[in-house]
Structures are given as C-alpha cells and as structure tokens.
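Listed below are the residues making up each chain.
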Amino acid sequence: MASIATRQELRPAPAVPAAIERYFQISLFLLLITGFITLAGTGKLDIFSVLFVLVALALRGYQLARKREFVISGSWTSAFTLAYVVIYAADYFLISRDFVNATVHLVLFGMVVKIFSVHRDRDLLYLGVLSFLMILAASVLTVNTVFLAGFALFLLVAIATFISFEMRRAARAAISVQPIAVETRFRPRVPMVGSSLSRTALVLAITILLTGIVFFFGLPRI
C-alpha cells in the first residue's frame, strides 16, 4: 500500500543552480501568500477556510526554512481530489449554497493539497494558476480599492516568480546540452540572483501598472 507521504531533503533538480531554485521556490511561496491575503482581505471567507489555509502555509514556510519537504504521494493526491468532488457538491447544495463561495473553497483546498504534492514542473505551474484564481475570486468578491494594492503586490511577485521559473527551465536545458561548461562557469550566488531579479521585477511591475493606468484613463477619451 502506498504511503500517504514521504519526507526528503529539499534539493533542486541536479541541472538547476541552487540559487535559482531557491529564489524560485521562495517567490512561488510568496505568490501563494499574496493571492490568499488579497482574497482573505475581502472579508468574505469563513473563519475555518482562513485558519485551514494559514496552517498549511505556515507549515510550508517552515519546510522552506528548514529545506525539507513533506510530499503527499500521487495516489493519495488523486484520492483527496476525488473525495472533494463530493464535498464540493455538498458545499454547493447544502452549506454555501452559492457557486462562487463553493468554488473559492475548491480553489483553496486544491492549493493546500498541491503545495504538498509537487512531483513535476507542471505542478508548479498549477500553483501559479491557483494563485491567480485567488486574485480573480478576490476581484469578484470585493469592490474595495484596497484590492488594487494587493493586485500590485501580486503582480510584482508574479513577475519575479515566472522570470525565475524561465531561468530555471533555461538553465536545465543549457546544462543538458553542455554539462561541463555550464557546471564550471554558471554558478550564480543567492544575493546576486535575488537582487537582480527583484530589481527587474520591480521595474517591470511599475511599467505595467503605469501603462495600465494610461490605457484606463486614455482609451475612454479616445
């Protein structure tokens, strides 16, 4: 019988420089936190959902700090997913009785399961999509201008996350072609990678927001 989870050291894939992998894992974690805080800031989440996700994020943060993982096996992940189909139906028809709230609960449950069941790169992409769905749900549940601040922060972290993800993918592809040359020449340090990517993400986020403001106020007048 497959075990529910395995404990292992949090090591990057052999082809990915440790500095890039570390930056990516932290930025993805911050992306999830930003999306959830923005969603929780709407005031429309029940206390059970808030505590459930906060405990899961705190556990994930502890794992990142200790550089260890608690990984749910694929069979148990599938079992949890199938079980929540029944819970989702009960939530929609008996508990929440609202499509949006029931779907938000589904997204939150999927995020909690997925952060402890990352087996492939596409699972990391799923986490990015789930964080965006939380922002999308927050935009539906509130008309508060505070959402703009949450969205701006989410945009900044999202840019850093996807830039580092692309660097991670490119580094793996480059090393697979020229393993010796890249191994000896391409060894970025954490401070250098972190500061460079953070500055780039900040510039891009500000540029996107300013361009969006210009379009928002300019297009109706044109």
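Refer to the preceding data block for the structure.
Predicted model, so just to flag it, every value in this text is computed and none were measured.

1. Here's the deal with a nonpolar patch on the surface
Among the surface-exposed residues, Tyr92, Phe93, Leu94, Ile95, Phe99, Val100 and Val140 lie close enough to one another that they form a single nonpolar patch of about 750 Å² accessible area. Elements with a minimum of two residues in the nonpolar patch: helix H3 (74–95) and helix H4 (99–115). Here the nonpolar patch gets four residues from one element, more than from any other, and that element is H3. Positionally, phenylalanine 99 belongs in helix H4.

2. Let's talk about unusual backbone geometry
Residues other than glycine predominantly adopt negative phi, and peptide bonds predominantly adopt the trans conformation. Its identity as a non-glycine residue notwithstanding, lysine 67 has a phi of 60 degrees, on the positive side. Of note, lysine 67 is situated in the loop between helix H2 (47–66) and strand E2 (68–72). With a phi close to 55 degrees, arginine 97 is a non-glycine residue in the positive phi region. By secondary structure assignment, the location of arginine 97 is in the loop between H3 and H4. Residue classification places arginine 97 among the exposed positions, given a relative accessible area of 63%.

3. Examining the pattern of salt bridges
When their charged atoms lie close together, side chains carrying opposite charge are able to pair. As enumerated under the stated definition, the model contains five salt bridges in all. Measuring nitrogen to oxygen at the nearest pair gives 3.3 Å for the salt bridge that ties lysine 114 to aspartate 123. Across the pair, exposure class does not vary: lysine 114 and aspartate 123 are buried alike. As a salt-bridge pair, glutamate 166 and arginine 169 come within 2.5 Å of each other at their nearest N and O atoms. One end of the pair, glutamate 166, and the other, arginine 169, are both in helix H6 (residues 146–177), three residues apart, so they sit about a helical turn from each other. On the basis of relative accessible area, glutamate 166 is assigned to the partly exposed category, the value being 37%. What you see here is one network of salt bridges that share partners, running through Glu21, Asp121, Arg168 and Arg172.

4. Concerning H4
Between its first and last C-alpha atoms H4 spans 24 Å; for 17 residues at 1.5 Å apiece the expected length is 24 Å, and the two agree. By the burial criterion, the buried members of H4 are Ala102, Val104, His105, Val107, Leu108, Met111, Val112, Val113, Lys114 and Ile115. Where H4 is buried, its residues touch helix H1 (18–40), H2, E2, H3 and helix H5 (121–141). You can read the cap of H4 off the contacts: a side-chain oxygen lies 3.1 Å from the backbone nitrogen of valine 100, and it is on aspartate 98.

Calculation criteria
Residues numbered from 1 in each chain as written. Predicted model: local features only at pLDDT ≥ 70, side-chain atom pairs only at ≥ 80, totals over all residues. Heavy atoms only, no water. Patch = residues over 30% accessible without salt bridge, like charges linked within 9 Å, V, L, I, M, F, W, Y side chains within 5 Å. Areas by Shrake-Rupley, 256 points an atom, 1.4 Å probe, with all protein chains shown as cover. Salt bridge = Lys/Arg side-chain N within 4 Å of Asp/Glu carboxyl O. Helix = DSSP H or I, 4+ residues; strand = E, 2+ residues; numbered from the N terminus. Buried < 20%, exposed > 50% of the residue type's maximum accessible area, 1.4 Å probe, protein only. Expected span 1.5 Å × (residues − 1). Contact = heavy atoms within 4.5 Å. Polar contact = N/O pair within 3.5 Å; in protein donor to acceptor, adjacent residues only side chain to side chain.

By themselves, these observations are geometric and do not establish any function.
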